[in-house]
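# A structural walkthrough
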Amino acid sequence: MQTVLYMCMFIRHFFSSKPLYAVIVIEKIVERCFPLLVELVKQRNMPAMVTLSDEMKMEEDANGLWRYISEHEGFYGTIKNYTKDFIVTEIDIHGQMVTNPSTSDGQSSNVTEACPSVNKSDSGKIVNPKCSLKPEEYTPDRRDTEPCQNGDSFDLSLILGQDVNEEIERFTVKLRETSWNPSDSCGEKLAYEELSLGSFPDKHQRANVHRAVRHNFPFLLTVTNQSEIRVREDPDFKHLSGLVSEEEAEDFFRFIDAKIPNSVYTFKSDDQKVHRTAVHHFLSKRFGKLVETKSFSDQENKTAITVRLREKPKKRTADECSKEVYTAFILKKENLETLEAISYLAAILGVLPSDFTYAGIKDKRAITYQSMVVKKITPQQLKEKAGEFEKRGMVLSSFRSVSEPLHLGRLQGNHFDLLVRDLRPHGQDRTGLDSLVEEAVENVKVRGFVNYYGPQRFGTGQSVQSDCVGLALLREDMVTAIRLFLTPEEGDGPQSVAKRHFIQTGNAKEALALMPASKARERLMLRALHRYGTGPDGCTRAWLSLPHGMRVFYLHAYCSRVWNEAVTHRLTTLGHKVRQGDLVRGKNGGRAEAGEPSPPQIHAVTAAEEEEGAFSLAEVVLPIPGNSVKYPENAVGTWYQERLTRDGLQSCRFRVSSLKLNLPGCYRPLLALPRNLSYRLERQGGGGSHQETNSKSPLGNLDADTPNMLLNFDLDTSCYATVCLKEVMKCDP
């Protein structure tokens, strides 16, 4: 502990000119060291019923204490020396590799769901205020004598009666005289008071009252409680009237309440950019779903803000949906992230990244094959761009028209072809290497491996890992989450330079200009920060600029980190036997259809079932935190609560409403078992090779001296080949 404190003091001094870096680095040290210290203390006080030396081996690595399920010795080796050493091929929901010719003919087997309705707004560009208003556009000259759209009047004396009309006028006079005076405490009290206008059982009549009150008194907010209508001061009007004149604020609120699609309202000219920015931010925050704003300059170079009411999106009919163009294809990429590849594809084809759908994310440092579907692009258009794709390290094939998009999770798993180079034993004696490899592979084939999430789940080579960002989002600390997300990596690469510039200056516009075009997430974030500001609301809008799948990724990373620590704690304290309170899937918990999991039937092991050995460790599941999961009914369940409390999430509902994120949670098997596992040892010239399968390797010629291992196997979705390989080798590959 003393060593950790000294390290923190040194880092604080070293980064004295950049305190944000110091905070991030120190938080990282505490986050990694504290769980390790707690784990070591627990081991010293561990119950005598668990004998770790007899049941498992433990190894400390960058991710904490790692647990192995088998006892073989293992060996050293290296992977990913070249991208061709790691080949990943997606397996569709029917168990076929996507590169199989049979899956290329006709419609993709992964595409089964119907076309969803489109939720995007189909609004046009904002109208230039220098142009004359069209007849359908709103003019603030309409008065209370003008009939509503349904023929009803705005005259409150007719709608409410003369007595109620006079009462509301007296209420508004008092409100405007006192509630906006900061020095008047009575005004503050009155601002929270309400006036009842009476009960209106008829829904149509209540609607008339709401419209009439809002038109005559735009600074009032009408609220319905059952059939009673009450009015009080509108805080949004008060805020806006502090930015613009009261007359403009009234006209603007009448414009909003009129709800005439594509109508525009223009504020008075304002030459102060800072002031205009404040107005833009407020309107975007409060009315962003209804309106869009833009500043225009007239012929005299006077600048004014124009607001346009968005047109409501129309629901797609089944016929319109069936006419949508979808093209499925197989994407082969090399040394590219999936999302990075999609950014390149979208830029080349002139569509949005959200027009691409896929079943799963694949490794970056590898050659990967996966199914994709793109909207609004024909097979011929994809073929014409083949040369440009290849320049970016991508090859597209098996083009075919389909009627539906692809959906995340619509796959059975992945097939891996790995080349592990330069095998050598942990000791000095190399004579028994072949037997060591054979024993290791056989053990994993039979017993499987602990189903940890691999390091790529949390972001390899990043200064701040994804789970740290996810924790900040769950705490709803949007500003911290942004700064963690944009913390630069080591080195002077263009991405790091852009991130470093933002952290040091807070200037999102300049950082955006420095950010490479391929970094789609970072550019979306910076563009939103430039538009909405770097405060809490601006940071929230920046996160909302990312697609839902990108936003939820960071929360899943945090939950995955907790799961990794939970499985380590479970094996450390309870060993390899199924214990009372462990969770297992019920006997009927399987798959309703290919690729479609049925709702899991989770059962807590009883004392009698533990005694009779009714379940094996392979049947045990651990919950991934969420709002719809149950936790183990033993010490592991208590550990979950303590772990979440340590991160300040003891009362977390695992919903981030401001980002439209909800985490129900799920259950992940403690162990994973590779399927179709085979290997082959090869030395240069083929001497002394051991071959378990006669299949030819797709990895090309081997260039290592002696020996290399070719390993082939299938894994279920969300299982990691690097974790499986670590169990085989008993070290980081």
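Residues numbered from 1 in each chain as written. Predicted model: local features only at pLDDT ≥ 70, side-chain atom pairs only at ≥ 80, totals over all residues. Heavy atoms only, no water.

Within the chain one finds 26 helices and 28 strands. Across the chain, contacts joining residues at least 24 apart in sequence account for 71% of those joining residues at least 6 apart. For the chain, the computed accessible surface area is about 36100 Å², with 50% contributed by carbon and sulfur atoms. (Helix = DSSP H or I, 4+ residues; strand = E, 2+ residues; numbered from the N terminus. Contact = heavy atoms within 4.5 Å. Areas by Shrake-Rupley, 256 points an atom, 1.4 Å probe, with all protein chains shown as cover.)

What follows covers helix α10 (residues 246–258). For α10, spanning 13 residues, the distance from its first C-alpha to its last is 18 Å, which sits close to the expected 18 Å at 1.5 Å a residue. Every buried residue of α10 is accounted for by Glu248, Ala249, Glu250, Asp251, Phe252, Phe253, Arg254, Phe255 and Ile256. Of the residues trailing α10, Lys259 is marked for its positive phi of about 55 degrees. (Expected span 1.5 Å × (residues − 1). Buried < 20%, exposed > 50% of the residue type's maximum accessible area, 1.4 Å probe, protein only.)

Within the largest apolar cluster, 129 residues are counted, with the highest numbers of intra-cluster contacts made by Phe356, Leu529, Trp543 and Met709. Apart from residues lying up to four places away in sequence, Phe356 is in contact with Phe329, Ile342, Leu345, Ala346, Leu349, Val351, Met372, Val373 and Val374. Counting residues in hydrophobic clusters, the runner-up holds 36 residues, among them Ala212, Tyr265, Phe282 and Leu283. (Core = buried A, V, L, I, M, F, W, Y, C linked by side-chain atoms within 4.5 Å.)

Here we take up the sheet that holds strand β24 (residues 666–669). Read from one edge to the other, the open sheet built from four strands follows the order β20-β17-β21-β24, with strand pairing classed as antiparallel. Only two strands of the sheet have a single neighbouring strand rather than two, namely β20 (602–604) and β24. Averaged over all neighbouring strand pairs, the angle between strand axes comes to 50 degrees, with direction disregarded. Lying on the sheet, helix α23 (residues 548–574) is in contact with β21 (620–624) and β24; it crosses β21 at an angle near 145 degrees. (Pairing = 2+ DSSP bridges. Axes fitted to C-alpha atoms, helices over the stretch in contact; angles between N-to-C directions.)

Relative to the helices and strands, Lys333 is located in strand β11 (residues 326–334). At 2.6 Å, the side chain of Lys333 forms a polar contact with the backbone oxygen of Leu336. Among the polar contacts made by the side chain of Lys333, one reaches the main-chain carbonyl oxygen of Asp363 at a distance of 2.8 Å. Aside from chain neighbours lying at most four places away, what touches Lys333 is Thr338, Ala341, Lys362, Asp363, Ala366, Ile367, Thr368, Gln370, Gly393 and Met394. (Polar contact = N/O pair within 3.5 Å; in protein donor to acceptor, adjacent residues only side chain to side chain.)

What follows concerns the sheet that holds strand β10 (residues 303–309). Strand order across the open sheet formed by three strands is β8-β10-β9, with antiparallel pairing between neighbours. The sheet is open, and its two edges are formed by β8 (264–266) and β9 (291–297), each paired on a single side. The mean inter-strand angle of the sheet, taken between neighbouring strand axes irrespective of direction, is 25 degrees. Pairing of β8 with β10 involves three bridges; the strand directions are antiparallel. Pairing of Tyr265 across the sheet is with Val307, part of β10. Along the sheet, helix α11 (residues 273–287) makes contact with β9 and β10, crossing β9 at roughly 165 degrees.

A word on the side chain of Asp355. Structurally, Asp355 is set in the loop between α13 (338–349) and β12 (356–358). Looking at Asp355, the relative accessible area reads 2%, which means it is buried. A polar side-chain atom of Asp355 sits 3.3 Å from a polar atom in the side chain of Lys376.

What follows deals with the packing of aromatic side chains. Summed over all chains, the structure comprises 23 aromatic pairs. On the basis of an interplanar angle of 85 degrees and a centroid distance of 5.1 Å, the ring pair of Tyr265 and Phe267 is categorised as edge-to-face. As far as the burial class goes, Tyr265 and Phe267 line up, both buried. The rings of Phe217, Phe219, Phe237, Phe252, Phe253, Phe255, Tyr265, Phe267, Phe282 and Phe287 are connected pair by pair, giving a single aromatic cluster. In this structure, Arg668 is placed above the aromatic ring of Tyr453, and the distance from its NZ or CZ to the ring centre is 3.8 Å. (Phe/Tyr/Trp six-rings, centres within 6.5 Å; stacked < 30°, edge-to-face > 60°. Lys NZ or Arg CZ within 6 Å of the ring centre and 35° of its normal.)

On to the confidence of the model for the chain. The predicted model of the chain averages 78 in pLDDT, with 75% of residues at 70 or higher. pLDDT under 50 marks residues 103–108. Its contacts with residues more than four places away, or in other chains, come to 16 contacts. Counting interchain partners and residues more than four positions distant, the pLDDT-below-50 stretch residues 588–598 has 13 contacts. (pLDDT = per-residue confidence, 0-100.)

What follows deals with the state of the cysteines. What the rule picks out here adds up to zero disulfides. Looking at the unpaired Cys559, the closest cysteine sulfur is the one in Cys652, lying at 8.1 Å. The class of Cys559 is buried, set by a relative accessible area of 1%. (Disulfide = S-S within 2.5 Å.)

For helix α17 (residues 466–474), the buried fraction is high: nine of the nine residues fall into the buried class. Once α17 finishes, Glu476 follows within two positions and takes phi at roughly 60 degrees, a positive value.

A few words now on the pairing of strand β13 (residues 367–375). Burial analysis of β13 places eight of its nine residues in the buried class, the great majority of the element. Relative to β13, strand β4 (residues 86–91) runs parallel, the two sharing three bridges. By the bridge assignment, Val88 is partnered in β13 with Thr368. In the sheet, β12 pairs with β13 via three bridges, with the strands oriented antiparallel. By the bridge assignment, Thr357 is partnered in β13 with Val373.

Right, let's talk about the environment of Gly427 for a bit. Structurally, the position occupied by Gly427 is in the loop between β15 (413–425) and α16 (433–447). Residue classification places Gly427 among the partly exposed positions, given a relative accessible area of 37%. A sequence separation of 352 residues divides Gly427 from Phe75, and the C-alpha atoms of the two residues are 8.5 Å apart.

A few words on the pattern of salt bridges. Under the defined criterion, the tally for this structure stands at 30 salt bridges. Among the ionic pairs, Glu90 bridges to Lys362, the shortest N-O distance being 3.0 Å. In this pair, Glu90 is assigned in strand β4 and Lys362 in the loop between β12 and β13, connecting sequence segments 272 residues apart. The same class applies to Glu90 as to Lys362, namely buried. Glu489 is the salt-bridge partner of Lys499, the closest N and O atoms lying 3.3 Å from each other. In this pair, Lys499 is assigned in helix α19 (residues 494–505) and Glu489 in the loop between α18 (478–485) and α19, connecting sequence segments ten residues apart. A single burial state applies to Lys499 and to Glu489, both of which are buried. Within the structure, one salt-bridge network assembled from shared partners comprises Glu194, Glu228, Arg230 and Arg232. (Salt bridge = Lys/Arg side-chain N within 4 Å of Asp/Glu carboxyl O.)

Once that is clear, we can look at a negative patch on the surface. Together, Asp163, Glu166, Glu167 and Glu169 make up a negatively charged patch on the protein surface. The residue Asp163 is located in helix α6 (residues 162–178) in this model. (Patch = residues over 30% accessible without salt bridge, like charges linked within 9 Å, V, L, I, M, F, W, Y side chains within 5 Å. Lys, Arg positive; Asp, Glu negative; His and termini not counted. Charge placed at Lys NZ, Arg CZ, Asp CG, Glu CD.)

Moving on, we come to the packing of α18 against helix α22 (residues 536–544). Helix-helix packing is described using two parameters, namely the angle between the two axes and the distance between the axes. Where α18 contacts α22, the two axes come as close as 8 Å, and the packing angle between them is 55 degrees. Between α18 and α22, the angle is such that the two are oblique. Two packed elements cross with a definite hand, and for α18 against α22 that hand is left-handed. Across the interface between the two elements, Met478, Val479, Ala481, Ile482 and Phe485 from α18 touch Pro536, Cys539, Thr540, Ala542 and Trp543 from α22. Along the lines of polarity and charge, the residues of the contact of α18 with α22 split into nine nonpolar, one polar and no charged. (Parallel < 35°, antiparallel > 145°, perpendicular 65-115°, else oblique. Left-handed = near helix turned anticlockwise from the far one by under 90°. Nonpolar A, V, L, I, M, F, W, Y, C, P; charged D, E, K, R; others polar.)

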